[in-house]
Amino acid sequence: MNSEEPISKPDLYVIARVIKILKERKKLNRTTLATSTGLSYDRLVKYLAWMSEKRLVQFDSDDNVFLTELGADTYDELVKWILQYVGKVRFPKLT
Amino acid sequence: MEQQLSSKMEELLRALDQVKKYREIAASMIDIAIILSATTVAVLVLVISGNLWTIFNGVTTIPENHLPLSALVGNGSILVIIAGITGAILRVTLRVNAVKVGQWKSILNEGAPGAIKLLAELKWETIFKDIRSAKLGLSLYGFLKTFLIWVFGNVILFLYWDALVKGNIIHLSVNPIAIMIASLLLALALSNRDLRKRYEQVGHLDSLLWELRWFDSEFRRADFKT
């Protein structure tokens, strides 16, 4: 992936990880967030740009990242959406 | 809600781990065939050697201790067959136990992101193929076990009936058809529970296949909008 290229098809796992960490830690600078999510700094910046564009995250005056209400709701919606499908599957007892 | 998702995912992944184990039974069939072929060859070598001894030495006892040769060959064959069957079952058990399971646990501990990652990494076509292989493996293994008990029962009943006739304990000549029927009934009685268990497992795999096919098609069609 070219470092200048914006994210066209974001990885849901990465987004969920970023949101989950921001939910738990409230506010983080980019370097700490990159370390916590296990992403490279460049990749995280791209994701944050994409998420900011979608109004999932915002930056304060110190350039710290925090989650918006929409971001928190989106995460809950995502979990609900997956559960809607996985929850319907009945797994037989295989022993 | 996140906890609910994790536990549902755990159920799914545990079921898939079990499928992996069952699939290994199907993959072990080649090993079983080799072990049983080797057992058959060993029994044949033993019987042919016994016959050659009789032809060349003209006696049916071992000179040093006057053991009847037929008893020696018979007991030797039983031991070889027991070793072969035990080896085959042991081989399957070891292969099944060696299957790596639960490798998803650390990822699932991440919560919802882990569940998303694991779902994204599932290769559905491979899973469906594995379930089909597992069904075949379980059925074959169930029948094979019954068949082996039958063969083993046949050999034992034949040898002991023969020994009783030769020792003048009973005066009915060996009846192969009666032996086959008796050993078949014995095999069915002994493996009844196992066969029923296999039947239920195959049924469960069938329903798992249908559930996952539904899930795959629904989830593939669905689109999450941010």
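Residues numbered from 1 in each chain as written. Chains lettered and ligands numbered in written order. Predicted model: local features only at pLDDT ≥ 70, side-chain atom pairs only at ≥ 80, totals over all residues. Heavy atoms only, no water.

Novice: How should the overall build of chain B be read in this particular structure?
Specialist: Each helix and strand in chain B was counted, giving seven helices and two strands. Counting from the amino terminus, chain B carries its helices and strands in the arrangement α-α-β-β-α-α-α-α-α. Computed over C-alpha atoms, the radius of gyration of chain B comes to 26 Å, more than 25% over the 17 Å expected from 2.2 N^0.38 for 226 residues, which places it beyond the range of a compact globule. Within chain B, the fraction of its 226 residues that count as buried is 36%. Put simply, 80% of the contacts in chain B that link residues at least 6 apart link residues at least 24 apart. Of the roughly 13,300 Å² of accessible surface on chain B, 66% is carried by carbon and sulfur atoms. For chain B, the distance from the average site of its 24 positive side-chain charges to the average site of its 19 negative ones is 2 Å. (Helix = DSSP H or I, 4+ residues; strand = E, 2+ residues; numbered from the N terminus. Rg over C-alpha atoms; globule rule 2.2 N^0.38 Å. Buried < 20%, exposed > 50% of the residue type's maximum accessible area, 1.4 Å probe, protein only. Contact = heavy atoms within 4.5 Å. Areas by Shrake-Rupley, 256 points an atom, 1.4 Å probe, with all protein chains shown as cover. Lys, Arg positive; Asp, Glu negative; His and termini not counted. Charge placed at Lys NZ, Arg CZ, Asp CG, Glu CD.)

Novice: I would appreciate a short explanation of helix 4 (residues 69-86) of chain A in the present structure.
Specialist: Residue pairs three or four apart in sequence face the same way in an α-helix, which turns once every 3.6 residues. Its 18 residues give helix 4 of chain A an end-to-end C-alpha distance of 26 Å, which sits within 8% of 26 Å, the value for a rise of 1.5 Å per residue. Next to the buried residues of helix 4 of chain A lie helix 1 (12-25) and strand 3 (65-67) of chain A together with helix 1 (2-27), helix 5 (112-121) and helix 7 (176-221) of chain B. (Expected span 1.5 Å × (residues − 1).)

Novice: Is there a simple way to think about the packing of aromatic side chains in this case?
Specialist: The geometry of an aromatic ring pair is captured by two quantities: the separation of the ring centres and the angle between the planes. Residue and element names in this part refer to chain B. Scanning the entire structure with this criterion turns up three aromatic pairs over all chains. Where Trp-124 meets Phe-128, the ring centres are 6.1 Å apart and the plane angle is 35°; that geometry is what we call tilted. Within this pair, Trp-124 and its partner Phe-128 are both found in helix 6 (residues 124-166), separated by four residues, close to a single helical turn. Measuring from centroid to centroid gives 5.6 Å for Trp-124 and Phe-215, while their planes differ by 65°, and the two rings are edge-to-face. Placement of the pair is Trp-124 in helix 6 and Phe-215 in helix 7, with a sequence separation of 91 residues. Aromatic ring contacts, followed pair by pair, group Trp-124, Phe-128 and Phe-215 into a single cluster. Here the basic side chain of Lys-105 rests over the ring of Trp-104, its NZ or CZ set 5.9 Å away from the ring centre. One Lys or Arg, Arg-213, reaches over the ring of Phe-128 and ends 4.5 Å from the middle of that ring. (Phe/Tyr/Trp six-rings, centres within 6.5 Å; stacked < 30°, edge-to-face > 60°. Lys NZ or Arg CZ within 6 Å of the ring centre and 35° of its normal.)

Novice: Would you take a moment to explain the interface of chain A and chain B for this structure?
Specialist: Of the residues lining the interface, 28 residues belong to chain A; the matching set on chain B comes to 36 residues. Across the interface of chain A and chain B, roughly 3,000 Å² is buried in total on both sides, 77% from carbon and sulfur atoms. Across the chain A-chain B interface, the total number found is two salt bridges. Here Glu110(B) and Arg17(A) are joined by a salt bridge, their closest N and O atoms 2.9 Å apart. Where chain A meets chain B, there are four residue pairs in polar contact (both at pLDDT 80 or more). Elements represented by at least two residues in the side of chain A that touches chain B include exactly helix 1 and helix 4 of chain A. With twelve residues, helix 4 of chain A is the largest single contributor of residues to the side of chain A that touches chain B. The class makeup of the residues in the side of chain A that touches chain B is 16 nonpolar, three polar and nine charged. (Buried area = accessible area lost by both parts, 1.4 Å probe. Salt bridge = Lys/Arg side-chain N within 4 Å of Asp/Glu carboxyl O. Polar contact = N/O pair within 3.5 Å; in protein donor to acceptor, adjacent residues only side chain to side chain. Nonpolar A, V, L, I, M, F, W, Y, C, P; charged D, E, K, R; others polar.)

Novice: What am I meant to see in the nonpolar core here?
Specialist: As a rule of thumb, nonpolar side chains are buried together in soluble globular proteins. Counting 74 residues, the largest nonpolar core has Val18(A), Leu33(A), Leu5(B), Met9(B) and Leu212(B) as its most contacted members. Leaving out residues up to four positions away in the same chain, Leu5(B) has contacts with Val79(A), Ile82(A), Leu83(A), Val86(A), Ala112(B) and Ala115(B). (Core = buried A, V, L, I, M, F, W, Y, C linked by side-chain atoms within 4.5 Å.)

Novice: Would you mind going over a nonpolar patch on the surface with me for this structure?
Specialist: Taken together, Leu44(B), Ile48(B), Leu52(B), Ile55(B) and Phe56(B) make up a surface patch of nonpolar side chains, about 560 Å² in accessible area. Turning to its location among the elements, Leu44(B) is positioned in helix 2 (residues 29-57). (Patch = residues over 30% accessible without salt bridge, like charges linked within 9 Å, V, L, I, M, F, W, Y side chains within 5 Å.)

Novice: I'm lost on the sheet that holds strand 1 (residues 27-28) of chain A in this one. Help?
Specialist: All names here are of chain A. Reading across from one edge, 1-3-2 is the order of the three strands in this open sheet, with antiparallel pairing throughout. The open sheet terminates on both sides in strands that have one partner only, identified here as strand 1 and strand 2 (57-59). Sheet topology places strand 1 next to strand 3; two bridges connect them, and they run antiparallel. From the neighbouring strand, Lys-27 faces strand 3, where its bridge partner is Phe-66. (Pairing = 2+ DSSP bridges.)

Novice: Before we go on, may I ask you to explain the pattern of salt bridges in this structure?
Specialist: Pairs can form between side chains of opposite charge whenever their charged atoms are close. In the structure shown here, the tally under the stated rule is 18 salt bridges over all chains. With a shortest N-O distance of 2.8 Å, Lys20(A) and Glu2(B) are connected by a salt bridge. Taken together, the residues Lys20(A) in helix 1 and Glu2(B) in helix 1 connect one chain to another. Here Lys20(B) makes a salt bridge to Asp17(B), at a shortest N to O gap of 3.7 Å. Here the residue Lys20(B) and the residue Asp17(B) both occupy positions in helix 1, the gap between them amounting to three residues, near one helical turn. If you follow the salt bridges from partner to partner, you end up with Glu24(B), Asp31(B), Arg91(B) and Arg95(B) in one network.

Novice: Mind showing me how you'd approach the packing of helix 1 of chain B against helix 7 of chain B here?
Specialist: In helix packing, the relevant descriptors are the interaxial angle and the interaxial distance, both defined with respect to the helix axes. All names here are of chain B. Helix 7 packs onto helix 1 with a crossing angle of 130° between their chain directions and a minimal axis gap of 12 Å. Classified by the angle their axes make, helix 1 and helix 7 are oblique. In this structure, helix 1 crosses over helix 7, and the sense of that crossing is left-handed. Residue-level inspection shows Leu-12, Ala-15, Leu-16, Val-19 and Tyr-22 of helix 1 in contact with helix 7, the latter providing Gln-201, Leu-205, Leu-208 and Leu-212. (Axes fitted to C-alpha atoms, helices over the stretch in contact; angles between N-to-C directions. Parallel < 35°, antiparallel > 145°, perpendicular 65-115°, else oblique. Left-handed = near helix turned anticlockwise from the far one by under 90°.)

Coordinates in, geometry out; function isn't part of it.
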